[in-house]
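Chain and residue survey
Listed below are the residues making up each chain.
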Amino acid sequence: MTQLILGPGALGRLLALRLAPLEPVKLLGRRPLSARLALTTPEGETLYREIDSALSGEAALPEDVTALHLTTKSMSAEAALASLVLPPQTPLVLWQNGYEVQPRLHDAWPGPVLCASTSEGAYVVEDGVVHAGHGHTWLGSLDGKHAALATALAERLSRAGLPATAVADIRQRLWHKLAVNAAINPLVARFGIRNGQLRDRPFRPMVEAMLNELAPILAAEGIPAPEPGWAALVWGVIEGTATNRASMLQDASAGRPTERDAILGPLLEAARRHGLPHDGLLAAYRGLDRYH
Ligand code: KPL
C-alpha cells in the first residue's frame, strides 16, 4: 500500500521524507524532482533519502493507495486533484490552510475525506526540506465519519515522527487556525515583517482591531472560542513564531498568489451573511490585490 502525496512543497516533502523509511511513498508534482532529497531535522541532522517521485499528469499510479495526501496550496488543490485518475474510493487527506477547499471536496469526492490541521514547521530548500520545528497534527472528517481511518493514518504519521491525533472536531480546529492566520498573515505580508514585529507599534493596534472584528464573526458562525480566548491564542502564536516569515509573506515576496481567499474569504462571507462589521477584513483582503 502506497501513500501518495500530491504537492511537493514543504509539507509534501516533509511527509514523503518522514514516511519513506516505513512504507512506500510516491511524491507527485508539476515539475521533476531529484530522486534523492534531504531532510534536515529540527535537531540539525541532515538525512538523505531516495524518494519515488513523478509528474502528476503523467504518473502511473500504484494500484493500492493507502491515502492521497493533498499538500498543495488551497487555490491549486482542486486542479491538482483533477490531474490524477484515481479509483473513486481512494481516501483523501486535505492539508490546506483556511476553510475553502475542504467543504467543497468533502461534498464532491466519492471516497472518504479527512482534513488535517498541523503545526509542523517546515520550509523548502533546493534539494529537500528543513523540518524547522516539531508540531502536532490533528486529523478528522468534517462529518465525524471515518474515525478508524483517521486513527490508522494518525498512527502511521506518529510512527514516522510526525505526532498526530484523530479528532472529532476538525472543523473547529481548522477555523481556529484560520482565525490565527487571518490575524497574522495579511498584516505581515503587507508590511514585509516577521511575525514577532506585530508585537510592536504601529502593528499591535492593527492586530487588536482585527481580533475585535474576528471574534463576533466566529461566534456567529458557531465556532467556540479557544480556552484562553482569541487574543491569547493569537498573541501566543505570534510569540511562538516570532522569527517566522509567515507563509503569506513568503508568497507575496515571491510574487505568488496568496491564500487570501481560503483564509479571509470564509470570514468575509460569514460576516456578510450575519450582517457583522468587516471593514478591516475587507481592507486586508484588498491590500493583497496586487498579488492576484
Ligand atoms: O501558519 C502560519 C503561516 O505562516 O501561515 C503562522 C502560524 C502564521 C506561522 O507563521
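Residues numbered from 1 in each chain as written. Predicted model: local features only at pLDDT ≥ 70, side-chain atom pairs only at ≥ 80, totals over all residues.

Per the UniProt entry, the sites bearing "domain: Ketopantoate reductase C-terminal" (unreviewed entry) are residues 169-277 in this numbering. For the annotated span residues 169-277, helix accounts for 65% and strand for 0% of the residues, and the straight-line distance between the end C-alpha atoms is 27 Å. (UniProt positions renumbered as here; feature names shortened; annotations may be inferred. Helix = DSSP H or I, 4+ residues; strand = E, 2+ residues; numbered from the N terminus.)

Next up on the list: the sheet that holds strand S1 (residues 2-6). Strands belonging to one sheet form pairs held by backbone hydrogen bonds; the direction of such a pair is parallel or antiparallel. Strand order in the open sheet formed by 8 strands is S5-S2-S1-S6-S7-S8-S11-S12, and the pairing between neighbours is mixed. Edge positions in the open sheet fall to strand S5 (52-55) and strand S12 (164-166), since each of these has one partner strand only. Between one strand axis and the next, the sheet turns by 25 degrees as a mean value, whatever way the strands run. Taken together, the 4 bridges between strand S2 (residues 25-29) and S5 define a ladder with parallel strand orientation. Bridging from a neighbouring strand, Leu27 pairs with Ser53 of S5. Lying on the sheet, helix H4 (residues 147-159) is in contact with strand S6 (65-70), strand S7 (92-94), strand S8 (113-118), strand S11 (137-140) and S12; it crosses S12 at an angle near 170 degrees. (Pairing = 2+ DSSP bridges. Axes fitted to C-alpha atoms, helices over the stretch in contact; angles between N-to-C directions. Contact = placed C-beta atoms within 7 Å.)

For the protein chain, the domain assignment lists domain 1 (2-168) and domain 2 (172-291). Centre-to-centre separation of domain 1 and domain 2, based on C-alpha positions: 25 Å. Facing the 14 residues of domain 1 at the interface are 13 residues of domain 2. Those elements giving two or more residues to the side of domain 1 that touches domain 2 turn out to be helix H3 (101-108) and S8. Among the residues making up the side of domain 1 that touches domain 2, the classes are represented as 6 nonpolar, 6 polar and 2 charged. (Domains from an automatic or database assignment. Nonpolar A, V, L, I, M, F, W, Y, C, P; charged D, E, K, R; others polar.)

Attention now goes to the pairing of strand S4 (residues 46-50). Burial of S4 is sparse: only 0 of the 5 residues sit out of reach of the surface. The pairing of strand S3 (residues 36-40) with S4 spans 5 bridges and is classified as antiparallel. Across the sheet, the residue bridging to Leu37 is Arg49, located in S4. Where S3 folds back on S4, the antiparallel hairpin that results is connected by 5 residues, among which Gly44 adopts a positive phi of roughly 95 degrees. (Buried ≥ 20, exposed ≤ 12 C-beta atoms within 10 Å, placed from the backbone.)

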